[in-house]
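In case you want the letters, here they are:
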Amino acid sequence: MELKHGINLGGFLSQCDHTDEHHRTFITKEDIRWISLQGFDHVRLPIDYEVLEDSCGIEKGLGYEIVEDIINAAAENNLNIILDLHKAPGYDFNDAGDAEKNNLFKDPALQNRFLNLWTNIVKHFCHHKNVAFELLNEVVETENTAAWNDLIARSVATIREYTKESPIIYGGILWNSASTLKYLEKPMDENIYFTFHFYEPLIFTHQKAYWVKNMDMETDVSYPASKADYMVQCKKIGDQAGSILETDFEYIDKEFMRSLMQEAINSAKNAGARLYCGEYGVIDQAPLPDTVRWFKDCCSLFNEYNIGSALWNYKEKDFGLIDDHYSPIKEELLKILTER
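It should be emphasised that the depicted structure is a prediction, and the values quoted were computed from it without experimental measurement. (Residues numbered from 1 in each chain as written. Predicted model: local features only at pLDDT ≥ 70, side-chain atom pairs only at ≥ 80, totals over all residues. Heavy atoms only, no water.)

### Some details on the environment of Lys317
Then, in step 1: Relative to the helices and strands, Lys317 is located in the loop between β10 (308-311) and α10 (330-338).
Then, in step 2: Along the sequence, Lys317 and Gln15 sit 302 residues apart, while their C-alpha atoms lie 8.7 Å from each other.
Then, in step 3: With near-sequence residues (within four places) excluded, Lys317 lies in contact with Gly10, Gly11, Gln15 and Trp312.
Then, in step 4: In terms of polar contacts, Lys317 uses its side chain to reach the backbone carbonyl oxygen of Gln15, at 2.9 Å. (Helix = DSSP H or I, 4+ residues; strand = E, 2+ residues; numbered from the N terminus. Contact = heavy atoms within 4.5 Å. Polar contact = N/O pair within 3.5 Å; in protein donor to acceptor, adjacent residues only side chain to side chain.)

### A look at the pairing of strand β4 (residues 131-134)
Then, in step 1: On β4, burial covers both faces: Val131 and Phe133 on one face and Ala132 and Glu134 on the other are all buried.
Then, in step 2: Relative to β4, strand β3 (residues 80-87) is paired through four bridges, and the arrangement is parallel. Within β4, the position partnered with Ile82 by the bridge is Ala132.
Then, in step 3: Between the parallel pair β3 and β4, the chain is carried across by helix α4 (residues 108-125), and the sense of this crossover is right-handed.
Then, in step 4: Pairing geometry for β4 and strand β5 (residues 168-171), over two bridges, is parallel. (Buried < 20%, exposed > 50% of the residue type's maximum accessible area, 1.4 Å probe, protein only. Pairing = 2+ DSSP bridges. Right-handed = clockwise from strand over helix to strand, strands pointing away.)

### As for the packing of aromatic side chains
Then, in step 1: Summed over all chains, the structure comprises 15 aromatic pairs.
Then, in step 2: Centre to centre, the rings of Tyr210 and Trp211 are 4.8 Å apart; their planes meet at 85°, and the pair counts as edge-to-face.
Then, in step 3: The class of Tyr210 is exposed, set by a relative accessible area of 61%.
Then, in step 4: Taken together, the aromatic side chains of Tyr280, Trp294, Phe295 and Phe302 make up a single cluster linked through ring pairs.
Then, in step 5: The cationic tip of Lys315 hangs over the ring face of Phe26; the distance from NZ or CZ to the ring centre is 4.3 Å. (Phe/Tyr/Trp six-rings, centres within 6.5 Å; stacked < 30°, edge-to-face > 60°. Lys NZ or Arg CZ within 6 Å of the ring centre and 35° of its normal.)

### Describing helix α3 (residues 61-76)
An α-helix turns once per 3.6 residues; consequently, residues spaced three or four apart project the same way.
Then, in step 1: Taking 1.5 Å as the rise per residue, α3 with 16 residues should run 22 Å; its terminal C-alpha atoms sit 22 Å apart, in good agreement.
Then, in step 2: The secondary structure elements touched by the buried residues of α3 are α1 (20-25), α2 (29-37), β2 (42-48), β3, α4 and β4. (Expected span 1.5 Å × (residues − 1).)

### Examining the sheet that holds β2
Hydrogen bonds between backbone groups are what pair the strands of a sheet, and the pairing can be parallel or antiparallel.
Then, in step 1: Read once around its circumference, the closed barrel built from eight strands follows the order β1-β2-β3-β4-β5-β6-β9-β10, with strand pairing classed as parallel. Averaged over all pairs of adjacent strands, the angle between strand axes in this sheet comes to 30°, irrespective of strand direction.
Then, in step 2: Pairing of β5 with strand β6 (residues 192-198) involves four bridges; the strand directions are parallel. Looking at β6, one finds that Gly171 is bridged to Thr195.
Then, in step 3: With respect to the sheet, helix α5 (residues 145-160) is in contact with β4, β5 and β6, its orientation differing from that of β5 by roughly 175°. (Axes fitted to C-alpha atoms, helices over the stretch in contact; angles between N-to-C directions.)

This is the structure in structure tokens:
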């Protein structure tokens, strides 16, 4: 299965108002066709569990029909598709650190429900040859490392009862950080992808992001730049600044990116797994010339190391490729994103 040049359909079946009208109209067959015509070979489809089951875990037939329609539309346009469980019963990356809301890893009943949900997903869709399964988006807390490894093993075993060939994808902790793949246990199965998300340096890719606490909402941030320049803004958001706080690089550019990706590359190689970047992108608040430079550096590394990837995001969610902000550079970006 080819998973090289992809794009996320965020805001469609995840992080959205879960109404029938939204689910039926936000992404259409014409969107899927356009994505294919640009040269992408796959889409990543984030799905909240509410689409597929009710609060008691009872299956929602309409939700499965919507996903089936998108899978078929992808196949008709020669696109592969990753079904990414973006939010699970008892786990949502938006609630990171909230032990009352995020109790999946401490509640055996919720873990069984998680496995049952994956059983239903796989039974519905494993006959499609263009489908891969991503177990859970962005586990965050370090204290869940061992429990996550255990749930991964159980989930892979569950999926393999129904399909031996479909790719299975999962990542580490700390929002799928490249540096945490080393904590994943070596897969006991074939056709496994380790995934990471890449938004480094975050102070550039998420500049003026309203959801980042204490973020400066006025100042433009450039790329590339010196660490000293970035640290002026990083100090305002503290630990949220991520890897740049610990790096020895004095200048933040492609080589800084390479050093971070190298950790993911080494971890996947040591585990005998393939490597995939499920999300990367630049917010619609960043200066356009700097945005182009960031994408050139990031995508050239994906190409150099043969890392498949999916842009965040196709539409809206502050990163939408087809939105007005990117219009002046969209054609240039499309060339960078698909000609690797």
